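Close look at the chain arrangement
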Amino acid sequence: MNTLSTKETVAIGLMTFALFLGAGNLIFPPAMGQAAGENVWVSTIGFLITGVGLPLLAIIAIARAGGNLQNLSNRVHPLFGVIFTLTMYLAIGPFFGIPRTGTVAYEIGAVPFLSASVVSSNMPLFLYTIAFFGLTFWLALNPTKLVDRVGKLLTPILLLIITVLAVKGIVTPLGAIEGVSPEYEAAPFFKGFLDGYLTMDTIAALVFGIVIVSRITERGVTDKKAITSITLKAGIIAGTGLALVYLALAYLGASSVSTLGMLDNGGAILSGIANELFGVLGTILLAVVITVACLTTSVGLVSACGEYFVKLMPKVSYPLIVAILCIFSLTMANMGLAQLISFSLPVLIAIYPIAIVLIVLSFLHKAFKGMPQVYGGALIGAGLISIVDGLNVTSMQLNFINSLYNYIPLYAEGVGWLIPAIIGAIIGYLYGSIKKES
């Protein structure tokens, strides 16, 4: 069989949507909306390109490469394939992505209902994460049921609650859209583009690709073109859902300033909006939606990492790997959200541009005849800049390097890696052509 019914394709699409829609995806758009103000729609278009477009391309790239990231990264070099893939799975998995789902779910889904004295203790977070990762373990234990458990059960709950909040906020807006923060005044599209970049969904897409493709092949689809086609359809369903959520949340944020004032973070904005629209019920609805969103992302990441490590270590059983991932993530989660971010964000910022370049080149693979020198040149160019960007997030002093890099176009805007990547690809192509002829 090389096709799926519309119902099955939609279910896989809904599962994909839920895997992506984590707490960060719900928090960034309202924060952007508040800050962008009258320029909210221009900024949102930029946000959609990097927050929806790039992850969709990443999913397709993985499907075209045979269903896993290592196949794609091996085009550079087999050693790079192993190191890069392992780094990606560890960074977006047990070292940061999975633990963050538990801590964010606790801070937004549980803390508002606890007294200050209770929150000051470490015990509530510990007990909450035991329950959270215990449920994650159970849901991820049988990945063949992910479509039924996530796509058909949890996703409709998630969509229903988000729809209720969005419709109420649109029908009875909190206020008019007004004002523009300085950073969104000169180049709102580009700022929104960078905001979407920071969701890190492109990295997640490379990791989730193995889950999506596995769910398709389990249903008897074996033809590579058919797998890519179904993956594209599922990705479009997920992307459409994400785009609608982002548009609604950006509007809610932009229209909330006159009522809430300018708040420091998207979590506080979303909490304030929910409370203004529905009172205590709004706080409860938000707690449920954040918890479900974090849980589905956690399950997706654990399943993806589990399937990857089973292929890496076939003698170790999938249930044991999932258990180890959940226990390790539980431990990391109890470090607290701030410590997790400071520990892992530099790595994520360093590898994100490399992931983008790898995805884009995969669609141009035939145009440059798959020369590994093109991949290598482009990735070296991007990496020389992105690694410094990652180190800049730490306490390291890189004033001399930054003073030199400031001459690179777009470096100050955070995408200084773009031009060096293009130059590196051109140099790699010329070198590869000369080597081939000699």
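Residues numbered from 1 in each chain as written. Predicted model: local features only at pLDDT ≥ 70, side-chain atom pairs only at ≥ 80, totals over all residues. Heavy atoms only, no water.

1. Focus: the pattern of salt bridges
- In the structure shown here, the tally under the stated rule is 3 salt bridges.
- Ionic pairing is found between Glu 218 and Arg 215, a salt bridge with its closest N-O pair at 2.5 Å.
- Look at Arg 215 and you get buried, because its relative accessible area is 0%.
- The salt bridge partner of Glu 307 is Arg 215, with a shortest N-O separation of 3.0 Å. Note that Glu 307 is positioned in helix H15 (residues 280-312) and Arg 215 in helix H11 (residues 201-217), a separation of 92 residues in sequence. (Salt bridge = Lys/Arg side-chain N within 4 Å of Asp/Glu carboxyl O. Buried < 20%, exposed > 50% of the residue type's maximum accessible area, 1.4 Å probe, protein only. Helix = DSSP H or I, 4+ residues; strand = E, 2+ residues; numbered from the N terminus.)

2. Re the environment of Ser 386
- Within the secondary structure, Ser 386 is located in helix H18 (residues 372-393).
- Assessed through its relative accessible area of 0%, Ser 386 is described here as buried.
- On a C-alpha basis, the gap between Ser 386 and Ile 349 in space is 6.8 Å, while along the polypeptide they are 37 residues apart.
- When residues no more than four places from it in sequence are discounted, the contact partners of Ser 386 are Ile 349, Ala 350, Pro 353 and Ile 354. (Contact = heavy atoms within 4.5 Å.)

3. Looking at empty space enclosed by the protein
- All chains considered together, the criterion is met by 3 cavities of 30 Å³ or more.
- If you trace the largest cavity, you find 20 residues lining it, with Gly 22, Asn 25, Arg 100, Asp 201 and Thr 297 closest to the centre.
- Contributing elements (two or more residues each) for the lining of the largest cavity: helix H1 (6-20), helix H2 (23-36), helix H6 (97-109), H11 and H15.
- For the lining of the largest cavity, the residue count by class is 11 nonpolar, 7 polar and 2 charged.
- Taken as a whole, the second largest cavity holds about 90 Å³ of empty space.
- Around the second largest cavity, the lining residues are Leu 26, Ile 162, Leu 165, Ala 166, Leu 249, Leu 252, Leu 270, Ile 273, Ala 274, Leu 286 and Val 289.
- If you list the elements that add at least two residues to the lining of the second largest cavity, you get helix H9 (146-171), helix H12 (224-254), helix H14 (266-278) and H15. (1 Å grid on protein atoms, 1.4 Å probe; cavity = no way out; pocket = protein on both sides within 12 Å on 5 of 7 lines; lining within 4 Å. Points joined across faces, edges and corners; volume = space filled by probe spheres on them. Nonpolar A, V, L, I, M, F, W, Y, C, P; charged D, E, K, R; others polar.)

4. Looking at helix H20 (residues 418-437)
- Helix length check: H20 (20 residues) gives 29 Å between terminal C-alpha atoms against 28 Å at 1.5 Å per residue, within 8%.
- Turning to H20, its buried residues number three or more, namely Pro 420, Ala 421, Gly 424, Ala 425, Gly 428, Gly 432 and Ser 433. (Expected span 1.5 Å × (residues − 1).)

5. Topic: the side chain of Asp 195
- By the element assignment, Asp 195 lies in helix H10 (residues 188-197).
- Residues in contact with Asp 195, not counting those within four places in the same chain, are Met 32, Phe 47 and Tyr 184.

6. Considering a positive patch on the surface
- Positive charge collects at one region of the surface, where Arg 64, Lys 224, Lys 225 and Lys 366 lie side by side.
- With relative accessibility at 35%, the residue Arg 64 sits in the partly exposed group. (Patch = residues over 30% accessible without salt bridge, like charges linked within 9 Å, V, L, I, M, F, W, Y side chains within 5 Å. Areas by Shrake-Rupley, 256 points an atom, 1.4 Å probe, with all protein chains shown as cover. Lys, Arg positive; Asp, Glu negative; His and termini not counted. Charge placed at Lys NZ, Arg CZ, Asp CG, Glu CD.)

7. Some words on the layout of surface pockets
- Its volume calculated, the second largest pocket comes out at about 360 Å³.
- Broken down by secondary-structure element, the contributors of at least two residues to the lining of the second largest pocket are helix H3 (40-64), H10, helix H17 (337-363), H18 and H20.
- Ranked by residues supplied to the lining of the second largest pocket, first place goes to H20 with 6 residues.
- Of the residues contributing to the lining of the second largest pocket, the split by class is 21 nonpolar, 1 polar and no charged.

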